[in-house]
Amino acid sequence: MENLKSFHHRRLLLQPAAGSFTAEGQVSRWSNEDLDPVPKHLKKWEWYHVGGFWIAEGFSASQIQTASASVALGLNPGIALIAYLIGNYSINFPVISRASFGLRGSYLPIIIRAVVAPIWYGIQAYLGSLAVQAIIEAIWPSFAAWHAKTLPADADITAASLLSFSIFWLASLPFLLLSMPALRWIFLVKIILMPIFGICLFTWAVTASHGFGPLLRIPNKIENGMSLGYAFCYAITTAISASSTFAINIPDLTRYARNPRTATIAQAVCLPVCMTLIYFLGVVMAASSQVIYGQIQWNPLVIVLMWENRAAKFFVGLLFAFAMIGTNVAGNSVPFANDTMALFPKYMNLRRGQFLCAILGFAICPWKIEASAQSFLAFLNGYSAPFLGPVAGVLLSDFFLVRRSSGLNVYQLYKPTGLYWYTAGINVRAVAAFTIGMVPQLPGLAYEINPMIKGVSRNYVDFTSLGWLEGLLFSAFAYYILYTVFPFPTRTEEEDKAAWAIVGHEERTPLSSSTPSQDGVEKSIPPV
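Residues numbered from 1 in each chain as written. Predicted model: local features only at pLDDT ≥ 70, side-chain atom pairs only at ≥ 80, totals over all residues. Heavy atoms only, no water.

1. Section: the overall build of the protein
Right, so step 1: In terms of regular secondary structure, the protein is built from 21 helices and two strands.
Right, so step 2: Of all intrachain contacts in the protein linking residues separated by at least 6 positions in sequence, the fraction that spans at least 24 positions is 80%. (Helix = DSSP H or I, 4+ residues; strand = E, 2+ residues; numbered from the N terminus. Contact = heavy atoms within 4.5 Å.)

Printed below as a string of structure tokens:
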């Protein structure tokens, strides 16, 4: 028993460094060294590193196939491209969840994000495994038929693909050991290589299909019962859903930026431009596969595996594999690690969380999700609409409407019983607003999971085709209305005193959130 306690204390329990932000008091319950505010000497990300994140993440197989999947479902390539152009003007998450939901209430959005991160890690790893398979087939063409009938058809994966997945998964592990400042060099390399790579793929697709004419003449052929208009809305939501995952994750990276203002401008420009260009590539590649091979292939790596040019297959596979590793480390394992640190700060740090994400990403069998275009889009829309959309609505409403973009008190974000404690650590307004945005989307989620379900009409399914935006708007307005009816302080008393001193009103009663009394004098409102 004594040995077990010693192992727990020495190996499992994280020991904060002396003098650190979390070394003393109740704050240690809510943070650890990796969750502390980033010290200045570690803020090494420049604006081009942050902008490069979106360039690097955009040029990945998962983003390409997001657009390709809509073509596979029956949308004309031109209409699909317009839908993705509209969908890419989504907004990043500028605040952390404790300010809106409370220190304990923040567990809700944290768990919601933590659930999806290992799934995305697995999907990216599976796509990376196809790149590995392309590399191996380029060297040994017979690998394509290696133990072809060993696994049953309903496994949705071959023995060669499973081996390739294992190789890619193992090759990714050393990259999880990189520190956050070191990750910026991966993005610099991807900034140089990936745009050139994308241009090469685009040139091949257009040339092999004899120009744009045959691509744009492909008719709309939607076979799942959805009208053209709602399929168009569905594609918009898919674009937002795919980018929203990265948008939620970006604060985990921008906290290392040397200049937050220039970093914000960089991602505001790079997100819509880069994502739209990569979706353009995805649409063109999917449409060209129908012209060249007679059927739409929505996964770009499946197209690469069909190539006969072994040199091209090798180098394209190598570049895709590198792209998938960088995307997985920064876009999936790091956010998941931050979530697990927030849930279990005494036991989980950045490195432990990243390795746990990798293990879960293997365990979910991501090739099942990749089995068809319909299931892939169902996953994106089905999860993002009822959960991520309402979370985004609450966070954006809190920062822009309630706090008027006035900023947050960093110390109070780690302080129990402080400004963001609300009621027993939970802002009930945020939870209620999230529920209001989530509930109307649940029937659509049920239909996505099981189209044969009874009680969900076709009209309601069409209504939820813009579920991400609907969830965001419902929750955002609900949160602001609840704040108006049940206001709460948005600044500490000390901050109010300082603010009034600046404008020359030192003797006036400092206010956090106020309301006029019957005699017309504003009075302070205590926390709710």
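2. Looking at unusual backbone geometry
Right, so step 1: A positive phi angle is found at Ser 405, which is not glycine, with a value near 60 degrees.
Right, so step 2: With respect to the element layout, Ser 405 can be found in the loop between α16 (373-402) and α17 (428-438).

3. Some details on the nonpolar core
Right, so step 1: Membership of the largest hydrophobic core comes to 109 residues, with the highest contact counts inside it found for Trp 45, Met 180, Leu 183, Leu 201, Leu 253, Phe 320 and Phe 434.
Right, so step 2: A total of 17 residues in this core trace back to one element, the largest contributor, which is helix α6 (residues 107-139).
Right, so step 3: Beyond its immediate sequence surroundings of up to four residues, Trp 45 is in contact with Val 50, Met 180, Pro 181, Leu 183, Arg 184, Phe 187, Leu 253, Tyr 256, Ala 257 and Arg 258. (Core = buried A, V, L, I, M, F, W, Y, C linked by side-chain atoms within 4.5 Å. Buried < 20%, exposed > 50% of the residue type's maximum accessible area, 1.4 Å probe, protein only.)

4. With respect to the side chain of Arg 98
Right, so step 1: Tracing the chain through its elements places Arg 98 in helix α5 (residues 97-101).
Right, so step 2: For Arg 98, a relative accessible area of 9% corresponds to the buried category.
Right, so step 3: When residues no more than four places from it in sequence are discounted, the contact partners of Arg 98 are Trp 30, Leu 103, Ser 106, Leu 413, Tyr 414, Tyr 420 and Tyr 422.

5. Points about the packing of α6 against helix α14 (residues 310-343)
Right, so step 1: For the pair α6 and α14, the least separation of the axes is 8 Å and the interaxial angle reads 160 degrees. When the interaxial angle is binned, α6 and α14 end up roughly antiparallel. Between α6 and α14 lies a crossing whose hand is left-handed.
Right, so step 2: Classifying every residue of the contact of α6 with α14 by side-chain character gives 24 nonpolar, eight polar and five charged. (Axes fitted to C-alpha atoms, helices over the stretch in contact; angles between N-to-C directions. Parallel < 35°, antiparallel > 145°, perpendicular 65-115°, else oblique. Left-handed = near helix turned anticlockwise from the far one by under 90°. Nonpolar A, V, L, I, M, F, W, Y, C, P; charged D, E, K, R; others polar.)

6. Observations concerning the confidence of the model for the protein
Right, so step 1: On average, residues of the protein score 76 in pLDDT, and 72% of them are at 70 or above.
Right, so step 2: A low-confidence stretch, residues 71-95 (pLDDT under 50), is modelled with 94 contacts involving residues beyond four sequence positions or located in other chains.
Right, so step 3: Of the regions scoring below 50 in pLDDT, residues 503-528 engages in 49 contacts with residues more than four places distant in sequence or in other chains. (pLDDT = per-residue confidence, 0-100.)

7. So, the packing of aromatic side chains
Right, so step 1: Considering all chains together, one arrives at eleven aromatic pairs under this definition.
Right, so step 2: With a centroid separation of 4.9 Å and 80 degrees between ring planes, the pair formed by Phe 197 and Phe 320 is classed as edge-to-face. Of this pair, Phe 197 sits in helix α8 (residues 180-208) while Phe 320 is found in helix α14, placing the two residues 123 residues apart along the sequence. Neither Phe 197 nor Phe 320 differs from the other in exposure class; each is buried.
Right, so step 3: Centroid distance Trp 204 to Trp 307: 5.1 Å. Interplanar angle 55 degrees. Geometry classified as tilted. You can see Trp 204 sitting in helix α8 and its partner Trp 307 sitting in the loop between α13 (300-305) and α14, a full 103 residues away along the chain.
Right, so step 4: Using a relative accessible area of 22% as the deciding quantity, one classes Trp 204 as partly exposed.
Right, so step 5: For Trp 307, a relative accessible area of 11% puts it in the buried group. (Phe/Tyr/Trp six-rings, centres within 6.5 Å; stacked < 30°, edge-to-face > 60°.)

8. Some points on the pattern of salt bridges
A pair can form between side chains of opposite charge whenever their charged atoms are brought close.
Right, so step 1: Taken as a whole and assessed by the stated rule, the structure comprises four salt bridges.
Right, so step 2: Lys 313 serves as the salt-bridge partner of Glu 137, at 3.7 Å between the closest nitrogen and oxygen. Of this pair, Glu 137 sits in helix α6 while Lys 313 sits in helix α14; the two residues are 176 residues apart in sequence, bridging distant segments of the chain.
Right, so step 3: The exposure class assigned to Lys 313 is buried, which follows from its relative accessible area of 8%. (Salt bridge = Lys/Arg side-chain N within 4 Å of Asp/Glu carboxyl O.)

9. Considerations on the environment of Gln 354
Right, so step 1: Take Gln 354: it is sitting in helix α15 (residues 350-363).
Right, so step 2: Considering only alpha carbons, one finds Gln 354 and Val 334, 20 residues apart in sequence, at a separation of 6.0 Å.
Right, so step 3: Other than its neighbours up to four places away in sequence, Gln 354 contacts Leu 176, Val 329, Ser 333, Val 334 and Ala 337.

10. Focus on α15
Right, so step 1: Between its first and last C-alpha, α15 extends 20 Å over 14 residues, near the 20 Å set by a 1.5 Å rise per residue.
Right, so step 2: One side-chain oxygen at the N-terminal end of α15 lies 3.3 Å from the backbone nitrogen of Arg 351; it belongs to Asn 349.
Right, so step 3: Of the residues one or two after α15, Cys 365 is the one with positive phi, at around 55 degrees. (Expected span 1.5 Å × (residues − 1). Polar contact = N/O pair within 3.5 Å; in protein donor to acceptor, adjacent residues only side chain to side chain.)

11. Regarding a nonpolar patch on the surface
Right, so step 1: Together, Ile 436, Phe 463, Leu 473, Phe 474, Phe 477, Ile 481, Val 485 and Phe 486 make up an exposed nonpolar region whose accessible area comes to about 770 Å².
Right, so step 2: When residues of the nonpolar patch are assigned to their parent elements, the largest contribution, five residues, is made by helix α20 (residues 467-485).
Right, so step 3: Along the chain, Val 485 falls in helix α20. (Patch = residues over 30% accessible without salt bridge, like charges linked within 9 Å, V, L, I, M, F, W, Y side chains within 5 Å. Areas by Shrake-Rupley, 256 points an atom, 1.4 Å probe, with all protein chains shown as cover.)

12. Observations regarding the side chain of Ser 209
Right, so step 1: One can find Ser 209 in the loop between α8 and α9 (213-216).
Right, so step 2: For Ser 209, the side chain forms a polar contact with the main-chain oxygen of Ala 205, separated by 2.6 Å.

13. Observations concerning helix α18 (residues 442-449)
Right, so step 1: Regarding α18, the residues found buried are Gly 444, Leu 445 and Tyr 447. Projection of α18 onto a plane perpendicular to its axis shows the buried side chains occupying an angular sector of 160 degrees, all on one side. (Arc of directions from axis to C-beta.)

14. Digging into the environment of Phe 143
Right, so step 1: Secondary-structure assignment places Phe 143 in the loop between α6 and α7 (159-172).
Right, so step 2: Residue class for Phe 143 comes out buried when judged on its relative accessible area of 9%.
Right, so step 3: Expressed as a C-alpha distance, the spacing of Phe 143 and Ala 160, which sit 17 residues apart in the sequence, is 6.9 Å.
Right, so step 4: If near-sequence neighbours (up to four positions away) are discounted, Phe 143 is found in contact with Gln 133, Ile 136, Glu 137, Ala 160, Leu 163 and Ser 164.

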